[in-house]
Every structure is written in C-alpha cells, then in structure tokens.
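Given next are the chains, with one letter for each unit.
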Amino acid sequence: MKKIIFAAICLLSFRLTAAAYNTYAPNSWDIVKKEAWDYQAVYDLCEKGRAPDYDRNFFNRGSLTRYELASVLKNILEAEKKGAAFTEEEKKKLIRLKKEYARELDALGYRDEKGKKEPVIEIEGDARVRWTKGEENDARIRTGAKWNIGKEEFIKDIDWINYLNLRATYGINGNAEKSTSPLTLVSVGSSVNSTTGTITGNISSFGNPSLRWEKTYTTNIGVDFDLFRSKLSGKLDFYNRKSKDVIGQVTIPSVYGTSTQKFNNAEILNRGVELELTGNFHIPSVDLGIRSTVTYAYNYNKILKLYYPALYCYELVEADTHVEGRPVGSLYSYDFLGTENGIPYVIGANGDKISMNDVSVHNRSLGLDILHYSGTTIPPHTFGWSNQFTWNNFSLYVYLTGNFGGIFRAPTAGSIPSVGSGKTFVSSSIKDFADSDGTLYPTWPLKDESNFYLWDRYTPNLEYFVQDASFIRLKEINLEYNLSKKLAGKLHLRGAKLFVQARNLGLIYCANDYGYDPEWLPGSNKPSATIAFGANINF
C-alpha cells in the first residue's frame, strides 16, 4: 500500500502542473429542467432569433441535457462572433452561460480566440489520499486519455456527426476497512457494569497483523456521441474491474480465542458493458415532442479466489455463502428424486438417495458434490427506460425499470405443521403439499409418519421452487400542465404548473410462475403505490 500512496503523491504532482480534473463538475448528460435559469436564458435568446440554426421547436421536446443546451448556446455565440447585435443585458447572460458551460462548449469545439488550435488528444490524471480518524481511509490513482475524433479532419466535415469522443481510463483504488485492524480493537462500554461497578470493555476484533488494504484495479473504454443535431446521443462503456485482497470473515479454530476473524481472503472480477441512448424527436404537424432515454447494463461477476474452510449443505442453501468460481449471490438447491412409501428423497453425491428424514446430510455433509447450482440472485442484466412527451403546455413522463437473468427462491411451507398443545401457525403455502402428487416435491405425509417435521431442511431449498426473477416495473408516471405566459400574466402570476404523479405502480411483466414481485416477496414490506396531486404557483 505504501507503493500506491507514493505513486499517488507523484501523480498528484504531475496533476498540479499539467491538468486539473474536477470530479464534481456537472455531467454533460445531466438533465436541465425547464425552470432552471440557464434553460430559460438560452430559450429566451433563441426565441428572439439569436440562434440562427435553432427555433423554439427545438425546446418542445421537454427537458434538455447540458450538452444539448450547449449546442444552442454555441450557435448563439458564433452569431455574436459574426457581428450579430446583442443588448448589454444579453451580453451579461452570455458571459455567465459561457462560464457555466465551458466544458460542453469546449467539447463542441467552440473557442473564443480565432485560430486557436483545438486539441484532438487529451491526457489527464488525478490522485487522492484520504486519511480520516475514525472513518474508512482510501487512496486512488487514475489516469485517462480522450481522443476527440469529431475534431479530426476526416470527421468534422460530416454534417450528421456533432460530437464523437473515444476515451480510456485506468485506475487503482485502495481501501482500508475500519471494522477490523492489524491491531487488537477494544470496545469500551458507555455505562457502569452492574457486576463490577466499573466501566468494562470487550475485544471487538482480535487483530490481524498480516492485514492489507483492499485494492480495485479498473479499466474503462468508452465512446460518447451526438448525432443528427442531437436527435440521437448517448454513450457506450466497457469496463473490467478486478478487486484483490477483499476482506471477509473466516471461521478459525476457537483455540485462538475467537471462532471467526477477518482476513484478505478473496479476489473478485466484474466485467461488463453500459449503454445509454437518448432520442429526441419533434413532429411539427401536431407540435409533439418526444424524448426517450434507454439505459442498459450487463455485468459478468465471478469470485476468482476465495479461502473458506467448509461449505456444508446448510451453509450453501441458507446463508449468503460465496463459492470460488461462481458469481456473488450464488444459489444452491437440492434436486428432488421423488417419494417412496410416503418418504421424500433428494439426490445425493454420485446419484445416491437421501431421505428427507435424515438431516445429518444437510447439517454435516459438504454440499458442492450434493447440491445443484441454480444461478445467481443478482441479475446480470438491468435496464431503465424514461419517456417524455410534450404537447402544447402538457408534459407526460413515463419511467420503467427492469432486471433480467437473476433467480429467486419462491417461499413455501417447509413441512406440514404438527398439532400439539402449543399454538400452531399454518403457512399459506401449505397448499403446495396438497397439490403435489409426490413427483416434483413432497406431498402429505402418511398418517404414521412421525419425522415429517424434518422435511423443512430440504423442502424450501428444492430446485423446483427456484424461479426466474426477470421483470419489468412501471416505476413512475407524471403528468404536468404549465399555464401559458399569457394566461399566467392575466392572473398576475409569473408562472403556474398543475401536476399529478403516480409512483410504485407495480409490475407490467414478470417471468415467474407465481406472479410474485422478485424484489418484494410475500412477507416483505413492499412500498405502496402512491398518487399525488399538486400545483406550483409563482407570484
């Protein structure tokens, strides 16, 4: 870790003399809302004819990104260069806008000084070392390069390409987890102990002198583009992220004074692609603006290295246990073999029969040779789709999300409840036993079967109850009506907006057989659907 800190300091020296990288600068693809001052300023100038290549129809698509707004601003500034007349108040607005959108204007190729050479390749880097008492400490080194392809001679004369960049970054992050330490950690109580009459303490971590910082090595290659005068824009990223020396809890012999201790015991790979596409369209004949943004991400995840001394059946099916060679969130299940003489069986190692009346296999047998790998509970495919439609003074926003490729275990009754002197709670899933013929999962036990209560170790963890967790969710619908300036003026208002908003509207598609919401299974506290009505009035 000393090498990382030393390299970070060296790179920081380079950064101070070469180039600054502001990690907190606004993203060029951030949405600028209609009521924002910069949106209004550019819109007013455009409405006055200060942007020769744009008119108010460009704004009918609704909210714009910073990059789209900057494209209009660039057109206005170029008109000013050519001698277009501007009032003093308008010039003050332009000065403020140029400062606010310097990054986007630079990407679009705008320069105040005529003849100034535009950079085609940019290289930058940054470094950070953060050491805060009582908090997690980290260090970061990052370097990157950007090729402004859109400024190359063979590209910049192509009218339909407004903006095209290829970028690549590489970085190393180091993190020191505060829940453990190379030294022994003692937790001191805040009140007097009733037995000793003094303040007492306990050992919260026995310490690990061989502990190292967690390190993540990230490579990213991406493309940013804007085409057809911002009718189609977006970005595409490919990343490879390898985490080494990941800290995890490991079971150790109790002779050391504790049964668990944290070690650098894992190496994890994440590799994937992220895509964002935005389409902007306007249909003049009906004055309809459409803005649609699709985001998609795929992540391949794998545990490359892991030290774990035991993986019993009960650990693999009941706990969040990680397995080397599998993704994080792996799920393991028993394969059902059928029912004989009223007793259900699962498949064991080498195809052997295991009676559900025998819990010794579940509790004391290593599970990788017995259990079936069902998949991962973390969906590798995720997407989002936002749509905004504007017509006259109306605006409709619809947002959907979805996950694909993951799995979940459908809740079911573990066994038939026994009737005794105590109060008996019956699961609503008890019908699973009644509906079964004993071929896919257990059925009702025979009347003289006394060990059926042991079946709950196996039944909930059968492969039969593993379901596809894919879904599409209608997340939000928002309808707005903005009073026209003319009508607002008659009412002595600066502006007014009426809206109705609906959230958490539920699933419009799910792949599982039960119709369950995979993110909110029965028994969980699922957020309720809400509908809100409101008004924003500016006097």
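As a reminder, the structure under discussion sits directly above these lines.
Residues numbered from 1 in each chain as written. Predicted model: local features only at pLDDT ≥ 70, side-chain atom pairs only at ≥ 80, totals over all residues. Heavy atoms only, no water.

Student: Talk me through the overall build of the chain; I want residue IDs and the actual numbers.
Tutor: From N to C terminus, the chain includes 10 helices and 24 strands. Pairs at least 24 residues apart make up 67% of the contacts formed inside the chain by residues separated by at least 6 positions. A total of about 30,400 Å² of accessible surface is found on the chain, and carbon and sulfur atoms cover 55% of it. (Helix = DSSP H or I, 4+ residues; strand = E, 2+ residues; numbered from the N terminus. Contact = heavy atoms within 4.5 Å. Areas by Shrake-Rupley, 256 points an atom, 1.4 Å probe, with all protein chains shown as cover.)

Student: Pulling in residues and values, what's your account of the packing of aromatic side chains?
Tutor: Under the criterion given, the structure shown has 13 aromatic pairs. Between the aromatic rings of Tyr67 and Tyr163, the centroid separation amounts to 4.6 Å while the plane-to-plane angle is 40°, which identifies the pairing as tilted. Taken together, the residues span a long stretch of sequence, with Tyr67 in helix H3 (residues 66-81) and Tyr163 in strand S5 (residues 161-176) at a distance of 96 residues. Taken together through their ring pairs, the aromatic side chains of Trp391, Phe394 and Tyr481 make up a single cluster. Across from the ring centre of Phe86, 5.5 Å away, lies the NZ or CZ of Arg50, which sits over that ring. Geometry around Tyr373 places Arg326 over its ring, the cationic atom sitting 3.8 Å from the centre. (Phe/Tyr/Trp six-rings, centres within 6.5 Å; stacked < 30°, edge-to-face > 60°. Lys NZ or Arg CZ within 6 Å of the ring centre and 35° of its normal.)

Student: Run through the packing of helix H2 (residues 37-47) against H3, naming residues and quoting values.
Tutor: To characterise two packed helices, one gives the angle between the axes of the helices and the distance between these axes. The contact between H2 and H3 brings their axes to 10 Å, and the two run at 45°. Taken together, the axes of H2 and H3 lie oblique to each other. For the pair H2 and H3, the crossing hand works out as left-handed. Contacts between H2 and H3 pair Asp38, Tyr39, Val42 and Leu45 from the former with Leu69, Val72 and Ile76 from the latter. (Axes fitted to C-alpha atoms, helices over the stretch in contact; angles between N-to-C directions. Parallel < 35°, antiparallel > 145°, perpendicular 65-115°, else oblique. Left-handed = near helix turned anticlockwise from the far one by under 90°.)

Student: Talk me through H3; I want residue IDs and the actual numbers.
Tutor: In an α-helix, one full turn covers 3.6 residues, which means residues spaced three or four apart are oriented alike. Between its first and last C-alpha, H3 extends 22 Å over 16 residues, near the 22 Å set by a 1.5 Å rise per residue. Taken from the residues just after H3, Gly83 is the one with a positive phi, measuring 105°. (Expected span 1.5 Å × (residues − 1).)

Student: Could you give an account of the pattern of salt bridges, with specific residues and numbers?
Tutor: In this structure the tally under the stated criterion is 18 salt bridges. Among the ionic pairs, Arg66 bridges to Glu104, the shortest N-O distance being 3.2 Å. Of this pair, Arg66 sits in helix H3 while Glu104 sits in helix H5 (residues 102-107), placing them 38 residues apart in sequence. Taken as a pair, Arg66 and Glu104 share a single burial class, namely buried. The partner of Glu519 in a salt bridge is Arg473, with the nearest N and O atoms 2.7 Å apart. With Glu519 in the loop between strand S23 (507-510) and strand S24 (530-538) and Arg473 in strand S21 (residues 471-482), this pair connects stretches of sequence that are 46 residues apart. Looking at Glu519, the relative accessible area reads 43%, which means it is partly exposed. Overlapping salt bridges, with partners in common, bring together Arg473, Asp517, Glu519 and Lys526 in one network. (Salt bridge = Lys/Arg side-chain N within 4 Å of Asp/Glu carboxyl O. Buried < 20%, exposed > 50% of the residue type's maximum accessible area, 1.4 Å probe, protein only.)

Student: Quick rundown of the packing of H3 against helix H4 (residues 88-100)? Include the residues and the values.
Tutor: Close contact between H3 and H4 brings their axes to 11 Å; oriented N to C, the two are set at 135°. By the angle class used here, H3 and H4 are oblique. Pair H3 / H4 crosses with left-handed handedness. Counted together, Arg66, Leu73, Ile76, Leu77 and Glu80 of H3 and Lys91, Leu94, Leu97, Lys98 and Glu100 of H4 form the full contact between these two elements. When grouped by side-chain class, the residues that make up the contact of H3 with H4 number five nonpolar, no polar and five charged. (Nonpolar A, V, L, I, M, F, W, Y, C, P; charged D, E, K, R; others polar.)

Student: Mind laying out the pairing of strand S13 (residues 336-340), listing which residues take part and the relevant values?
Tutor: Examined bridge by bridge, S13 and strand S14 (residues 343-347) share four bridges and lie antiparallel to one another. Within S14, the residue paired with Gly338 across the bridge is Tyr345. With antiparallel pairing between neighbouring strands as the criterion, S13 and S14 make up a hairpin whose turn holds two residues, including Asn341 at a positive phi of roughly 55°. (Pairing = 2+ DSSP bridges.)

Student: Give a detailed account of the sheet that holds strand S15 (residues 353-355), specifying residues and quantitative values.
Tutor: Taken in spatial order, the three strands make up an open sheet running S13-S14-S15, and their pairing is antiparallel. What marks the edges here is a single partner per strand, and that holds for S13 and S15. Looking at each pair of strands side by side, their axes are set apart by 35° on average, direction ignored. Judged from the three bridges that link them, S14 and S15 form a sheet pairing that is antiparallel. Looking at the pairing, Val346 lines up with Ile354 of S15.

Student: Please provide a residue-by-residue account of the environment of Gly342, values included.
Tutor: Here Gly342 shows up in the loop between S13 and S14. When the C-alpha positions of Gly342 and Pro445 are compared, they lie 5.8 Å apart, and in sequence the two are 103 residues distant.

Student: Can you explain H2? Please cite residues and give values.
Tutor: Those residues of H2 lying buried are Asp38, Tyr39, Ala41, Val42, Tyr43, Leu45 and Cys46. Residues of H2 that are buried in the fold lie against strand S1 (31-32), strand S2 (64-65), H3 and H4. Of the residues one or two after H2, Gly49 is the one with positive phi, at around 85°.

Student: Which residues make up the nonpolar core, and what are the values?
Tutor: Formed by 29 residues in total, the largest nonpolar core has its most connected members in Phe59, Leu69, Val72, Ile76 and Tyr101. Where this core is concerned, the elements lending two or more residues are H2, H3, H4 and H5. In terms of residue count, the dominant contributor to this core is H3 (seven residues). When neighbours within four sequence positions are excluded, Val72 is seen to be in contact with Val42, Ala51, Tyr54, Phe58 and Phe59. Of all hydrophobic cores here, the second largest spans 24 residues; its members include Val317, Ile354, Phe452 and Leu462. (Core = buried A, V, L, I, M, F, W, Y, C linked by side-chain atoms within 4.5 Å.)

Student: How would you sum up the side chain of Asp517? Please name residues and give values.
Tutor: Structurally, the position occupied by Asp517 is in the loop between S23 and S24. One polar contact links Asp517 to Arg473, side chain to side chain, over a distance of 2.8 Å. Once residues within four sequence positions are removed from consideration, Asp517 is found in contact with Arg473, Leu507 and Lys526. (Polar contact = N/O pair within 3.5 Å; in protein donor to acceptor, adjacent residues only side chain to side chain.)

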